[in-house]
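# Report on the structure
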Amino acid sequence: MKSASLPRVLPGFTLSLGYTISYLSLIVLIPLAAVFIKTSAMPLDAFWQAVTAPRVLASYRLSFGMALLAAAINSVFGLLLAWSLVRYRFPGKKLVDALVDLPFALPTAVAGIALTALYAGNGWIGRYLDPLGIKVAFGPLGVLVALVFIGLPFVVRTVQPVLEDLDTELEEAATCLGAHRWQTFRHVILPVLQPALMTGFALAFARAVGEYGSVIFIAGNIPMVSEITPLMIISKLEQYDYSGATAIASVMLVVSFLLLLAINGLQAWSARKRGQGPAVASGPRARPPEHSDRDSTSSTARERAQGNAAIGTRSRLAAEPRQGRSE
Amino acid sequence: MSIQVQNIHKAFGNFVALDNLTLDFPSGELVALLGPSGCGKTTLLRVIAGLEQADSGKVLLDGEDASDTHVRERQVGFVFQHYALFRHMTVFDNVAFGLRMKPRKDRPSEADIKRKVHELLQLVQLDWLADRFPAQLSGGQRQRIALARALAVEPRVLLLDEPFGALDAKVRKELRRWLRRLHDELHITSIFVTHDQEEALEVADRVVLMNHGKVEQIGTPDEVYRHPATSFVYGFLGSANRFEGRSAAGGIDVGGTHLATSAHHVGEDNEVVAFVRPHELDILLDEEGAGIPARITRVLSVGALTRVELEGSGRQDGQHYDVELPYESWHAQAFNAGQPVRLQPRALRVFAQNETAGTR
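The structure displayed is predicted, hence computed values, not measured ones. (Residues numbered from 1 in each chain as written. Chains lettered and ligands numbered in written order. Predicted model: local features only at pLDDT ≥ 70, side-chain atom pairs only at ≥ 80, totals over all residues.)

### Side note on the overall build of chain A
Applicable threshold: Numbering of helices and strands starts at the N terminus; helices are DSSP runs of H or I of at least 4 residues and strands are runs of E of at least 2. To assign burial, the other C-beta atoms lying within 10 Å of each residue's own C-beta are counted, with C-beta atoms placed from the backbone; 20 or more indicates buried, 12 or fewer indicates exposed, and intermediate counts indicate partly exposed. Any residue pair is listed as a contact if its two C-beta atoms, each placed from the backbone, are within 7 Å.
When you go through chain A residue by residue, the secondary structure sums to 17 helices and 0 strands. In chain A, which comprises 327 residues, the share counted as buried stands at 30%. Taking the contacts inside chain A whose residues are at least 6 apart along the sequence as the reference set, 73% of them involve residues at least 24 apart.

### A few points about helix 1 (residues 41-49) of chain B
Counting buried residues along helix 1 of chain B, 9 of its 9 residues qualify, which places the element largely inside the surrounding structure. Downstream of helix 1 of chain B by one or two residues, Gly50(B) has phi in the positive range, about 95°.

### Notes on the UniProt feature "domain: ABC transporter" (unreviewed entry) in chain B
Cut-off, in case you're wondering: UniProt positions are given in the numbering used here, feature names are shortened, and annotations may be inferred rather than shown by experiment.
Per the UniProt record, the feature "domain: ABC transporter" (unreviewed entry) sits at residues 3-237 of chain B. As annotated, residues 3-237 of chain B has a helix share of 37% and a strand share of 26%, and its two end C-alpha atoms lie 25 Å apart.

### Let's talk about the environment of Leu129(A)
Mapped onto the fold, Leu129(A) is located in helix 8 (residues 126-129). By the C-beta count within 10 Å, which is 16 here, Leu129(A) ends up partly exposed.

### Re the packing of helix 3 (residues 91-100) of chain B against helix 5 (residues 139-152) of chain B
Residue and element names in this part refer to chain B. Just so we agree on the cut-off: Note on geometry: axes are lines fitted to C-alpha atoms, helical ones only across the stretch in contact, with angles between N-to-C directions running from 0 to 180 degrees. Reported orientations rely on four angle classes, namely roughly parallel under 35 degrees, roughly antiparallel over 145, roughly perpendicular from 65 to 115, and oblique for the rest. Crossings are sorted by hand: turned counterclockwise from the far helix by less than a right angle, the near helix makes the crossing left-handed, and turned clockwise it makes it right-handed. Side-chain classes follow a simple rule in which Ala, Val, Leu, Ile, Met, Phe, Trp, Tyr, Cys and Pro form the nonpolar group, Asp, Glu, Lys and Arg form the charged group, and the remainder, Gly included, forms the polar group.
Interaxial distance between helix 3 and helix 5 falls to 7 Å at its minimum, and their mutual angle equals 25°. Classed by the angle they form, the pair helix 3 and helix 5 counts as roughly parallel. For the pair helix 3 and helix 5, the crossing hand works out as right-handed. Contacts between helix 3 and helix 5 pair Val91, Asn94, Val95, Phe97, Gly98 and Leu99 from the former with Ile145, Ala148, Arg149 and Ala152 from the latter. Looking at the contact of helix 3 with helix 5 residue by residue, the classes come out as 7 nonpolar, 2 polar and 1 charged.

### Some thoughts on the confidence of the model for chain A
Residue and element names in this part refer to chain A. Defined as follows: Per residue, pLDDT measures the predictor's confidence, with a range of 0 to 100.
On average, residues of chain A carry a pLDDT of 80, and 81% of them reach 70 or more. Put simply, helix 17 (residues 313-325) is where chain A has its lowest mean pLDDT, 37, and helix 4 (residues 54-87) is where it has its highest, 93. Scored below 50 in pLDDT, residues 277-327 makes 57 contacts in the model with residues more than four places away or belonging to other chains.

### Observations concerning the UniProt feature "domain: ABC transmembrane type-1" (unreviewed entry) in chain A
With numbering aligned to this structure, UniProt lists the feature "domain: ABC transmembrane type-1" (unreviewed entry) at residues 60-263 of chain A. In this annotation, residues 60-263 of chain A is assigned 78% helix and 0% strand; the end-to-end C-alpha distance for the span is 19 Å.

### Describing the sheet that holds strand 8 (residues 189-194) of chain B
Residue and element names in this part refer to chain B. Selection rule: When DSSP finds two or more bridges between two strands, those strands count as paired.
Overall, mixed pairing links the 6 strands, which are arranged 6-7-8-3-9-10 in an open sheet. Each of the sheet's edge strands pairs with one partner strand only, and the pair in question is strand 6 (76-79) and strand 10 (214-219). Adjacent strand axes in the sheet meet at a mean angle of 15°, parallel and antiparallel pairs treated alike.

### Considering the sheet that holds strand 2 (residues 15-25) of chain B
Residue and element names in this part refer to chain B. If you trace the 4 strands from one edge of the open sheet to the other, you get 2-1-4-5, paired in antiparallel fashion. With partners counted over all chains shown, the strands left at the sheet margins are strand 2 and strand 5 (64-65), one partner each. Judged from the 5 bridges that link them, strand 1 (residues 3-12) and strand 4 (residues 56-61) form a sheet pairing that is antiparallel. Each bridged residue has a counterpart across the sheet, and for His9 the counterpart in strand 4 is Ser56. With respect to the sheet, helix 1 is in contact with strand 1, strand 2 and strand 4, its orientation differing from that of strand 1 by roughly 120°.

### Here's the deal with the nonpolar core
Side chains that are nonpolar tend, in soluble globular proteins, to be buried together. To be explicit about the condition: Working definition: the nonpolar core is a set of buried Ala, Val, Leu, Ile, Met, Phe, Trp, Tyr and Cys residues, joined through C-beta atoms within 7 Å. These domain boundaries are the output of an automatic or database domain assignment.
Among the nonpolar cores identified, the biggest contains 109 residues, and Ala32(B), Ile48(B) and Leu159(B) are the most heavily contacted of them. Shared between two domains, this core takes at least three residues from each, and those domains are domain 1 (3-233) and domain 2 (239-351) of chain B. In this structure, Val143(A), Ala202(A), Ala204(A) and Phe205(A) belong to the second largest nonpolar core, which totals 42 residues.

Right, here's the structure in full:
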């Protein structure tokens, strides 16, 4: 890498890269590779049969569908929750703030049992939903409830700091320009929050796909209806069908990875569109604005910002991000 | 459009930001609200814009009570100190924002918006930056874009909150001149807030001096500089040497030294504060005559004016004085640091101590 050979302010690029790769290999790559190696020992038709069995296909639909739905629900309500926590002052705010993290800490089995008790036909909430024909526990809806529960903190915690940094002046500026509240939210606030919101969505989704403990209690685990993919893997294991289990696991891994890759790609694309990605940012900046005689003000600003000492292009470019952040 | 502010009162907890303020901003003028930080000038601007609600009092825009009109409908252009540009939009989209947010029936066509935005960008001389993002601009450019954005919705008044406060000295000076030229072109009623007296005196048609939520003086830059109404105004505008003493017959008494001046407006034997500008103070070399005893501590002779810093001696010990004189006359007298001298003011302005509403 060319950049590695350039002198840096912080040394140790090679060391940190080496450390990163070996650590990642040890913790993530090797265990995951084992899944694929185990699977590759299977004959192809047996693999295909294992991963396309109707029960397994139904479980994919449920797992990925509900995880996406739960992440979407969490994006909306997580944003709402983060907004309330940042923008308003109310009694018990600290308590609510702490409650948000509870799904992180609670053993998932406890959460599953608690939710089941609440939403079962004779539970506190379930008994009112049951007469309306809404069956939450022991069905796909129960899976959704559990996944929403465990994914909630991700969106709140990713959006909250960005929202705290958001300048109220931006909203005031938009209002002065005649924008209504919804327009201000849609065109000014949401674009700023969008990267954090997408990160929160991805995290909540990833967590929901892999969730086992809480779902297993509330889902009812009815074949073809409310069986999640992790349950399929466990049941294969219980039958000592190790290669069948790893086959399903590898499919799940690949799909999850592709989905997360797609979300990251979407994020990079939208960042580029907004001129914050590396591609656009380095493009126009590469041409130093100083060379334009049409704008004397900017050139003096920049030269002064660099203490009049920096003349080389490299230092000029280096000074620019600092200016950007000063806003 | 004219702006009238009537009996505006605004407090934040125990802190009174605006104390029963009444002001009149005539149509088409560029007015500076000048004062130290915390004097309520920004609060007043925000109340006029509708971003802040006054506790009591009225804001009249064009003679109509606007107290209950929402910011959106007040048609004010507001420029923030830190630009408040939308980072995720290009310069073009930033300027077009106000036009695109209009209700569908009033919204110009995309072609009209394009034409209008380019007109505005040409007005601020930054048409070539239309496709850039705010992060790629310098501070001065950003503020000009913010101004173009505010002008896009054709506001009836333009309010600028310390518009050049975040810029460095040289850019500030250039933008100042540029704002003045722009105002001469557009003639839109404008109010700008600043704590920089030089900025206010240079740019504005009229200066409103504020302190502790009250108006100290209103006038043209020349009026307020030459005839400060209160001791606060004198001390705030330009540098000034301050003497404390008592009024006496035919002058004032400063630490045993009699200074002849007209001080009858403060009565006799009262505590007074007297001010004199550095260029109105003479240095006398004879040690025994009239004037305040002092010692030269430093001489700065860079440029056309020589600045002499002095320290009071005798009963004025520890007092600091500044004198400015042309380089030639300093050269002719050639005094040195450490030399004991006497200071004789040529023009002295006397204000009664503890008096805020001063006399001329």
